[in-house]
Amino acid sequence: MAKRDLRTERIQQERKQWRKDHPFGFYARPTKAADGSLDLHNWVAGIPGKSNTMWENATYPVTIAFPEEYPAKPPKIRLPSGFYHPNVYPSGTICLSILNEDQDWRPAISLKQLMLGIQELLDTPNPTSPAQEPSWRAFEKDKVEYEKKVRQQAKVYADKH
Amino acid sequence: MSEDFHCGSEPESEEEFNSEYESSEFEYEDEAYLDDDNMEKVEVHYTFQVSKTRMGTPTHRMKYMPVSVEDVQKSLDDKVMQLNQILQIGIDECRILLIEYDWNDDRLLEDFTSRKTEDFYKASGIISDLYAKKDNEDLLEKITDESFECNICYNSPSKKRPLEAFRLQNCNHPFCTNCYIRFIQEANANSQLLIRCPNSECNHVLRISEIEQLSEYDWQRRKKLDDQKQLENKERARVPLTEDQIREKYQKNEQDSDLSDFSDLEIGDPSEVNDSDSKKDSNDNKTIDNVEVEPAKELFNFQERMLLKEREERERRRNSTLLSKYWFNATTMYCSKNYKNFKNCPFPDCDSLVMQLGFDSSTVATLAEYTKRLLIPSVQCSHKHEFCYNCLKEDHSPCPCAIVKKWERKCKDDSETAHWIVANTKDCPKCSSPIEKNGGCNHMVCRSCQHQFCWVCLKDWACHGNMNYNCIMYDEGTQEAKVEQEKNRKSLERYMFYFRLFANQRTSFEKDKKFLEQFESRIQEIQRNSSISWIETLFYRESVDILLRARRELMWSYAIMYYIDSKCPRQLLEGVQCTLSHQVERLSMLFADTEANLNLRQKSKFLNYSSMVKKSRDSLKETYLDCITNGIIKLTRI
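Since the structure is predicted, the reported quantities are computational estimates derived from the model, not experimental observations.

## Focus on the overall build of chain B
Argument step 1. Of the regular secondary structure elements, chain B holds 19 helices and 13 strands.
Argument step 2. Burial analysis of chain B (638 residues in total) assigns 25% to the buried set.
Argument step 3. In chain B, the share of contacts with a sequence separation of at least 24, taken over all contacts with a separation of at least 6, comes to 66%.

Right under this line is the structure:
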């Protein structure tokens with residue numbers, strides 16, 4: 001039996017679904033390899049901050065890497081390193097239960113659900129599982145400073161109009 | 001310092017009273033009771049042969065049972081059944097609850113009675129059977145509805161090809177079977193025990209019966225594939241093979257057959273007997289019928305290879321299906337969480353476990369107490385490997401664990417170098433660098449600080465002037481230093497003496513082992529040539545074991561001698577040591593002198609000698625125990 005590559009198949013389906021229907025302001029697409037061909041296993045995506053929050057008017061870029069065991073294992077989604085958010089590690093790795101195979105990852109979670117989950121996390125950080133110190137300290141102790149820093153960051157990733 | 005380890009010489013009255021109850025009849029009754037009730041085959045072992053020595057010292061034996069992972073699985077199953085008898089909510093549910101509560105049924109029952117039933121179920125991922133389907137319903141179904149889509153691979157059934165889907169009994173989230181199987185495989189690889197439905201909103205935990213259905217499905221499918229492959233191979237086999245292919249095929253079979261010939265004869269291993277063996281055998285037999293078995297050219301350790309092969313076989317079986325792998329994970333997790341009661345055999349390639357069952361004593365209840373009394377918990381796994389339950393090293397009786405630790409550290413580090421320095425050098429009184437006087441007069445000049453002093457009294461040389469040697473006069477301080485030096489020197493000598501004995505025994509042990517390994521392969525050769533049954537050469541193997549074990553015990557008995565207070569009477573211990581050492585040498589000589597082909601004729605001699613060694617070993621062990629627990633000897637330097 002020719003072994004079907006479930007990973008690639010699933011990613012293609014995800015791509016199809018995403019094209020058909022994706023939430024407003026988001027983008028997600030496979031990267032291009034050096035020779036110009038599509039690299040289905042590594043994607044780039046953008047997550048807009050929710051409007052009426054301190055994250056608004058900006059789209060935050062993430063990279064998505066699908067491991068060989070996907071969808072049995074979750075994809076690795078990373079923000080730029082040094083991203084200012086209590087639940088983002090200094091490397092940019094996002095600490096979110098649905099992205100953790102030992103916690104709430106299920107094979108049936110779609111890319112759309114993941115993207116929306118991360119968008120949700122931006123404005124509602126989980127202070128009980130901090131992943132970096134500066135923003136967590138500010139979030140807990142000094143909300144003004146926190147907001148200032150977040151807005152500064154939003155400017156860096158601001159939408160171009 | 002020695003007080004801690006020296007246990008009261010006068011017997012406690014309570015202890016004496018109780019030890020009367022521990023007469024052998026009672027123990028037998030105890031075992032028989034276990035036999036009937038709990039498991040089909042219970043073999044309770046003890047760390048010591050008797051509960052009382054001939055001198056009447058209680059031995060406080062540790063009870064234990066050599067088990068395999070499969071045995072533990074069985075006992076876990078029993079636990080599930082017991083819980084179900086109380087809760088009456090179904091075996092699968094009980095199993096999930098027990099896994100969730102780390103097999104702690106007390107805590108589980110407490111929660112069950114104190115919490116609301118609904119909440120309790122929901123928190124555990126077991127939804128009560130409100131919208132449950134009927135039992136035994138096939139959870140696998142062929143879906144033909146084209147609007148259905150598996151949410152993992154996004155495949156849909158077509159008219160020609162229906163999609164096989166699987167759903168949990170209590171939820172309605174079907175996914176295609178392949179995806180489900182891969183999902184569980186991945187969870188197994190991560191040793192995940194609580195596997196939840198792949199749908200993100202669903203909190204249902206997969207039950208064993210559900211995993212079993214998938215597992216069965218998966219196995220059938222793989223079997224079908226295998227059969228197909230075999231058929232293809234048969235087709236291909238009609239094409240003539242090249243020379244290389246033939247060689248490869250037959251050489252491989254020869255190795256396998258070497259071992260499978262003996263696999264039925266190996267004794268004392270309960271885990272070996274199982275159904276899948278016959279399956280494997282029938283496969284092997286097909287190919288080896290016509291192959292002539294050549295004697296193996298290279299020398300190998302027969303026992304170790306057997307062990308490795310058995311282990312591989314067991315591992316294959318454990319990994320063979322989703323269910324077996326899942327159960328294996330559950331069991332090993334249980335064992336590692338209850339590490340106090342389960343220890344893995346430390347020998348390479350041995351995967352047996354030893355389960356502690358408590359103590360045959362009214363005063364000792366924990367392992368810590370046991371070792372504190374300088375008793376040695378030496379146990380034997382189901383492959384007859386002897387090891388210490390406390391330090392997980394090769395058995396070191398009659399030497400208590402604390403002393404083994406000390407001794408090994410002493411041998412390893414350079415504390416003896418320090419002793420030598422203290423015994424043979426003096427420190428410069430100014431910069432305290434050690435100086436050895438290897439000749440010349442007493443006028444010393446330190447190399448490092450140029451200080452001049454007198455070797456005898458260590459005072460500044462200036463005060464000696466030209467002639468007044470006042471250091472010959474007696475002075476308290478220097479005298480003490482001399483006594484100290486003398487003591488160190490003696491201690492070093494003593495250490496070197498026992499270390500030489502220890503090291504000598506150790507090298508003999510290693511040499512004997514090597515020699516006998518070579519011998520063993522020759523025995524096999526003879527056996528093949530003269531068609532003697534395997535069982536008839538068994539005495540040889542047993543004698544080897546006895547010899548090696550005796551050597552090891554002798555070795556450790558020397559180590560302990562170093563720690564015995566020099567004021568204590570040692571004649572008794574030295575006596576038994578002497579006897580054993582004599583017997584061991586005699587048996588060793590018999591091994592060395594006997595030609596391989598004469599071995600069988602000497603059988604009675606071998607049996608005779610080795611039984612003598614065995615007797616001496618027992619008496620050595622007993623004497624040491626007596627002497628230590630009754631305070632005849634005290635241990636120092638601990």
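Here the narrative resumes.
## Things to note about the sheet that holds strand β3 (residues 140–143) of chain B
Residue and element names in this part refer to chain B.
Argument step 1. Reading across from one edge, β3-β4-β5 is the order of the three strands in this open sheet, with antiparallel pairing throughout. Every interior strand has two partners, whereas the edge strands, β3 and β5 (175–176), have only one.
Argument step 2. Bridge count between β3 and strand β4 (residues 163–166): four bridges; the pairing is antiparallel. Directly across from L140, in β4, lies its bridge partner F166.

## Points about the interface of chain B and chain A
Argument step 1. On the chain A side, the residues contacting the 15 residues of chain B number 16 residues.
Argument step 2. Residue contributions to the side of chain B that touches chain A peak at four residues, all from helix α7 (residues 177–189) of chain B.
Argument step 3. Classifying every residue of the side of chain B that touches chain A by side-chain character gives eight nonpolar, four polar and three charged.

## Some words on the UniProt feature "active site" (unreviewed entry) in chain A
All names here are of chain A.
Argument step 1. Sites flagged by UniProt as "active site" (unreviewed entry) map to C95.
Argument step 2. Within the element layout of this structure, C95 appears in the loop between β4 (76–78) and α2 (111–123).
Argument step 3. On the basis of neighbour counts, which here come to 18 C-beta atoms within 10 Å, the residue C95 falls in the partly exposed class.
Argument step 4. Excluding residues that lie within four positions of it along the chain, C95 makes contacts with N87, Y89, S129 and A131.

Rules of the game
Residues numbered from 1 in each chain as written. Chains lettered and ligands numbered in written order. Predicted model: local features only at pLDDT ≥ 70, side-chain atom pairs only at ≥ 80, totals over all residues. Helix = DSSP H or I, 4+ residues; strand = E, 2+ residues; numbered from the N terminus. Buried ≥ 20, exposed ≤ 12 C-beta atoms within 10 Å, placed from the backbone. Contact = placed C-beta atoms within 7 Å. Pairing = 2+ DSSP bridges. Nonpolar A, V, L, I, M, F, W, Y, C, P; charged D, E, K, R; others polar. UniProt positions renumbered as here; feature names shortened; annotations may be inferred.

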